[in-house]
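# Descriptive analysis of the structure
What follows is each chain in one-letter form.
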Amino acid sequence: MDSAIRSFFHVLFNALQQGSTTALAALGIVLIFRTSRTTNFAQSSIATLNAFVAAWLFSSHGFSIWVATPLALVTAFITGVFIDRAFIRRAPKNNPIARPIITLGIIMIIIGILPMVFRIGQSRPDGSPITYRLPRFFSGGIDVFGASLRYNQIFTVVVSIALMVGVFLFINHTKWGLATRVTASDETTARLMGVPTGKVTMFSWAFAAMFGTFAGIVLAPLMNMSPTFLVETQVNAFFASVVGGFTTFFGPVIAAYIIVFLDSYFPVLFNFWDGADIWGTSIVFIMVLIFLYFRPYGLFGEKPIKKV
Amino acid sequence: MTKTNKTNLPKELYEKFKANKPLHFLLFGIGLAIMLLAPYYDFIPGGRNTNGFVAPAIYFTVAALGLNLLLGYGGLISLATSAFIGVGALGMGYFMLFQEFSFFLSLGLTILISLGLGLLVGLFSLKVSGIYLTIGTLFFATILENIFRSVLPMSTTESFREITFFGNFVIDTSKSYTQLRTGEPQYDRYIALLIMVAVLVLSMIVIYNIIKSRTGRAFMAMSRSANAAAAMGVNIAKYRIIAFMTASLFATLAGVLYAIYGTSVEKNIWTLELSLFILAVVIVGGMRSIFGTFIGALVIFTVPNLYINEYLRTFSSFLENRFGINWQPVGFAPVFAGLLIIVVVLYYPRGLIKLFYDARILLLKLYGLIRNRLAKGGATDE
């Protein structure tokens, strides 16, 4: 029983951390989808690129993580603005699949740029391989029912939730938030009413890139930093956006926690079954697909009404 | 009367030939097959075996044709292409190497599995549409990828040595290629290439027939507006399922061809990246164009590996020798494909196939200009 409680708490802390990062990524995806009418498949690629900027500053130039992170967030901001200005805004308006396809092209460019610029997987002249890593913000932790709760996990969860609450307050209670909401509901009318929709979409891209990058930086110490290390988070974030419904800002955030908790607790609940580890993720995904089959627009989403 | 008939005969034949698209595909296949003989007869500068670079273009074109049907005609983005190619390659590998079934039994079982999975995606597409559907295909791909990684028993060491098609017809793809000049050429890999070209031509004809039939027109109607099409009496459910099953079948055939030619059964390469490369093939070559798909495949899969990487390597060694900068030319192919996608979507939405059309218009314009100038010049001279 003691071990059950310990594993329960151990999984809980990890799931909270993962859920928070996934929710941040999902919020970024929904923010872009709502304001710029683009499904941003490149969310995780942009985040990976900028997480590598942070890792490069930390590993190769000896910056502290507390300095490298803000610098990486600045580059993320620039990346987001650049992508919106250079590509998304120029996309033909009459073709609904043009913009998602452009973001798929951005993924490919970033996949190629990472080994080209950061030389991942290559070796230095002296033969040692080039690797990147990022440390945790805080070291150490406390013991809760035998499971260790790291300070870094608390930090991640608190910052993520603070960011998300901040975004909700911003969207619901400020003038710029109002601009975001009207852009999300009807861009053309909003522009006619004098709302600077161009700036709204630009800042959405910039902030989405920053959210993704922050998620990437806190996840980096937990895994091996490779060009694909955020793909799983991205897939989960998309899952969350679909399950929560693209039509609300809070739906995806809630769905992100639900999915990560299901995914994390599956092997714990079914630990009597050998295949739980192997099949767990697939079964959770299949369950969600079946859920989507019956509720195609998600938990909180509404069916869009379209004129023929 | 008879005279005019006689003089028009070549023109009539030409018109007939122009209208007979399947014949074009057949002639294209024969031409391609002859061109693939080039390395054996030392027509390639430097004596390289370029077939290894053209082969991916051939088998990925088959998959891209299926995606083109979905994307160009149906307006549906599928991100599960690579997973379905994986089903083809790994299915053949599993049945032939681990169950030791015959080639055709394995082929039949693999195709059945792929059609079943295509049916599932199709059924899913009935309820979910637009961007939700694209993300849904991404999940299908992720689930299949997970299953490949953790369930299938393959490692990178297993590979096809000999494929027995029937009786004495055996292809040993492990035999290395030899040029006629240097020794007795080994034609086993060439026969594998011929099979691939045959499948390519066949799939081109099948896609052409689908597009020109009632089904193709239904796809077009659906891509503009599913509701409007349904109001005009198009059975959306039926045609969506047909579209997804055809696309998955073509992707699986591409995987089977990969297994025949590629000889090994990798299970870690069927990722989103490959799906994106295939998407790039369709976009860059030209949506709704069959020859365009092949041109796209050549540009995306053959050109970077055959030419550009070579130049970049030369450039990199130049940098190393001259300035002592250690820069390695990696990751070029995806950047090239990604940039092409974006440039084509933004500035050339009909794809590279339109280059031929534009070039013809330009030539005709130039021809007209020159003729006018000559006519004018002649007039002043007199």
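Everything discussed here concerns the structure shown above.
Residues numbered from 1 in each chain as written. Chains lettered and ligands numbered in written order. Predicted model: local features only at pLDDT ≥ 70, side-chain atom pairs only at ≥ 80, totals over all residues. Heavy atoms only, no water.

## Some points on the overall build of chain B
- A count of helices and strands for chain B gives 14 helices and two strands.
- Taken along the three principal axes of its C-alpha coordinates, chain B extends 85 × 65 × 55 Å.
- Out of the 382 residues in chain B, the part that is buried amounts to 49%.
- Considering only contacts in chain B between residues 6 or more positions apart, those separated by 24 or more positions represent 75%.
- Surface summary for chain B: the accessible area is close to 18700 Å², and the carbon and sulfur share equals 64%.
- Mean positive and mean negative side-chain charge positions of chain B (30 and 17 charges, respectively) differ by 16 Å. (Helix = DSSP H or I, 4+ residues; strand = E, 2+ residues; numbered from the N terminus. Buried < 20%, exposed > 50% of the residue type's maximum accessible area, 1.4 Å probe, protein only. Contact = heavy atoms within 4.5 Å. Areas by Shrake-Rupley, 256 points an atom, 1.4 Å probe, with all protein chains shown as cover. Lys, Arg positive; Asp, Glu negative; His and termini not counted. Charge placed at Lys NZ, Arg CZ, Asp CG, Glu CD.)

## With respect to the overall build of chain A
- If you tally the helices and strands in chain A, you get 11 helices and two strands.
- Order of helices (α) and strands (β) in chain A, N terminus to C terminus: α-α-α-α-β-β-α-α-α-α-α-α-α.
- Over its C-alpha trace chain A gives a radius of gyration of 20 Å, about what one expects of a compact globule, namely 19 Å for 308 residues.
- Counting only C-alpha atoms and orienting by the principal axes, one finds that chain A spans roughly 60 × 55 × 35 Å.
- Per-residue burial over chain A gives 54% buried out of 308 residues.
- Residue pairs at least 24 apart in sequence account for 71% of intrachain contacts in chain A once pairs closer than 6 positions are excluded.
- A total of about 14000 Å² of accessible surface is found on chain A, and carbon and sulfur atoms cover 67% of it.
- One way to put it: in chain A the 21 positive side-chain charges average out to a point 16 Å from where the 11 negative ones average out. (Rg over C-alpha atoms; globule rule 2.2 N^0.38 Å.)

## Overview of the layout of surface pockets
- Considering only enclosed or pocket space, the second largest pocket measures out at about 730 Å³ in volume.
- Lining the second largest pocket are 32 residues, and of these T228, V231, E232 and V235 of chain A together with E145 of chain B sit closest to its centre.
- At the level of elements, α2 (43-61), α4 (98-118), α9 (231-244) and α11 (276-294) of chain A together with α6 (131-151) and α11 (272-285) of chain B are the ones that each hand at least two residues to the lining of the second largest pocket.
- Of the residues that constitute the lining of the second largest pocket, the class distribution is 17 nonpolar, 10 polar and five charged. (1 Å grid on protein atoms, 1.4 Å probe; cavity = no way out; pocket = protein on both sides within 12 Å on 5 of 7 lines; lining within 4 Å. Points joined across faces, edges and corners; volume = space filled by probe spheres on them. Nonpolar A, V, L, I, M, F, W, Y, C, P; charged D, E, K, R; others polar.)

## Quick look at empty space enclosed by the protein
All names here are of chain B.
- Under the defined criterion, the tally for this structure stands at two cavities of 30 Å³ or more.
- In this model, the largest cavity occupies a volume close to 100 Å³.
- L70, S78, F84, A247 and S248 are, among the 14 residues lining the largest cavity, the residues nearest its centre.
- Looking at the lining of the largest cavity, the elements with two or more residues in it are α3 (51-73), α4 (81-98) and α10 (236-262).

## Here's the deal with the interface of chain B and chain A
- Facing 48 residues of chain B, the contacting portion of chain A comprises 46 residues.
- In total, about 4200 Å² of surface goes out of reach between chain B and chain A, with carbon and sulfur atoms giving 80% of it.
- On the chain B side of the interface with chain A, the three residues burying the most area are K127, Y132 and F139 of chain B, jointly 17% of the side's total.
- The interface formed by chain B and chain A holds zero salt bridges in total.
- Across the contact surface, chain B and chain A share one residue pair in polar contact (both at pLDDT 80 or more).
- Elements that contribute at least two residues to the side of chain B that touches chain A include exactly α5 (103-127), α6, α9 (226-231), α11 and α13 (332-347) of chain B. (Buried area = accessible area lost by both parts, 1.4 Å probe. Salt bridge = Lys/Arg side-chain N within 4 Å of Asp/Glu carboxyl O. Polar contact = N/O pair within 3.5 Å; in protein donor to acceptor, adjacent residues only side chain to side chain.)

## Re the pattern of salt bridges
- A full pass over the atoms with the stated rule returns four salt bridges over all chains.
- In this structure, R89 of chain A engages D84 of chain A in a salt bridge whose closest nitrogen and oxygen atoms are separated by 2.6 Å.
- A salt bridge links D358 of chain B to K354 of chain B, with the nearest nitrogen and oxygen atoms 3.5 Å apart. With D358 of chain B and K354 of chain B both in helix α14 (residues 353-381) and four residues apart, the pair spans about one turn of that helix.

## Examining the packing of α2 of chain A against helix α8 (residues 197-219) of chain A
Residues and elements named next belong to chain A.
- Where α2 contacts α8, the axes come no closer than 8 Å and their chain directions differ by 60 degrees. When the axis of α2 is compared with that of α8, the two are oblique. Here the hand of the crossing between α2 and α8 comes out right-handed. Residue-level contacts link Q43, I46, A47, N50, A51 and A54 of α2 to W205, A208, A209, G212, T213, G216 and I217 of α8. (Axes fitted to C-alpha atoms, helices over the stretch in contact; angles between N-to-C directions. Parallel < 35°, antiparallel > 145°, perpendicular 65-115°, else oblique. Left-handed = near helix turned anticlockwise from the far one by under 90°.)

## Notes on the packing of helix α3 (residues 65-86) of chain A against α8 of chain A
Residues and elements named next belong to chain A.
- Where α3 meets α8, the axes come as close as 7 Å, and the angle between the chain directions of the two elements is 145 degrees. Relative to α8, α3 is oriented so that their crossing is right-handed. In contact with I65, T69, A72, L73, A76, F77, G80, V81, I83, D84 and R85 of α3, α8 contributes G198, T201, M202, F203, W205, A206, A209, M210, T213, F214 and I217.
- Across the contact of α3 with α8, the residue classes break down as 15 nonpolar, five polar and two charged.

## Quick word on the side chain of T197 of chain A
- Within the fold, T197 of chain A resides in helix α8.
- What T197 of chain A contacts, discounting residues up to four positions off in sequence, is T183, E187, A190 and R191 of chain A.

## Some thoughts on a nonpolar patch on the surface
Residues and elements named next belong to chain A.
- A contiguous nonpolar patch, built from F63, W66, V67, L71, F138, I142, Y151, I154 and V158 and spanning about 750 Å² of accessible area, is present on the exposed surface.
- Among the elements of the structure, α3 and α5 (151-173) are those that each provide at least two residues to the nonpolar patch.
- Within the element layout of this structure, Y151 appears in helix α5. (Patch = residues over 30% accessible without salt bridge, like charges linked within 9 Å, V, L, I, M, F, W, Y side chains within 5 Å.)

## Quick look at the environment of T246 of chain B
Residue and element names in this part refer to chain B.
- Residue position: T246 is located in helix α10.
- Classification of T246 as buried rests on a relative accessible area of 11%.
- The spacing of T246 and G52 is 194 residues in sequence and 27 Å in space, taken between C-alpha atoms.
- Not counting residues within four places of it along the chain, the set of residues in contact with T246 comprises L69 and I210.

## What about unusual backbone geometry?
- The backbone of R37 of chain A sits at a positive phi, close to 55 degrees, despite the residue not being glycine.
- Residue placement: R37 of chain A occurs in the loop between α1 (2-36) and α2.
- Here R37 of chain A falls in the partly exposed class, since its relative accessible area comes to 40%.
- Here the phi dihedral of E100 of chain B falls at roughly 55 degrees; this positive angle occurs in a residue that is not glycine.
- The residue E100 of chain B is located in the loop between α4 and α5 in this model.
- A residue is classified by how much of its surface remains accessible, and E100 of chain B, at 66% relative accessible area, is exposed.

## Quick notes on the nonpolar core
- By size, the foremost hydrophobic cluster in this structure holds 206 residues, and its most contacted members are I102, L134, M225 and F246 of chain A together with I58, L200 and I300 of chain B.
- For this core, the element with the most residues is α3 of chain B, which contributes 15 residues.
- In this structure I300 of chain B touches F277, A280, V281, V284, A337 and L340 of chain B, once residues within four positions along its chain are discounted.
- Counting eight residues, the second largest nonpolar core, distinct from the first, contains F9, V11, V144 and L149 of chain A. (Core = buried A, V, L, I, M, F, W, Y, C linked by side-chain atoms within 4.5 Å.)

The values are spatial; any link to function lies outside them.
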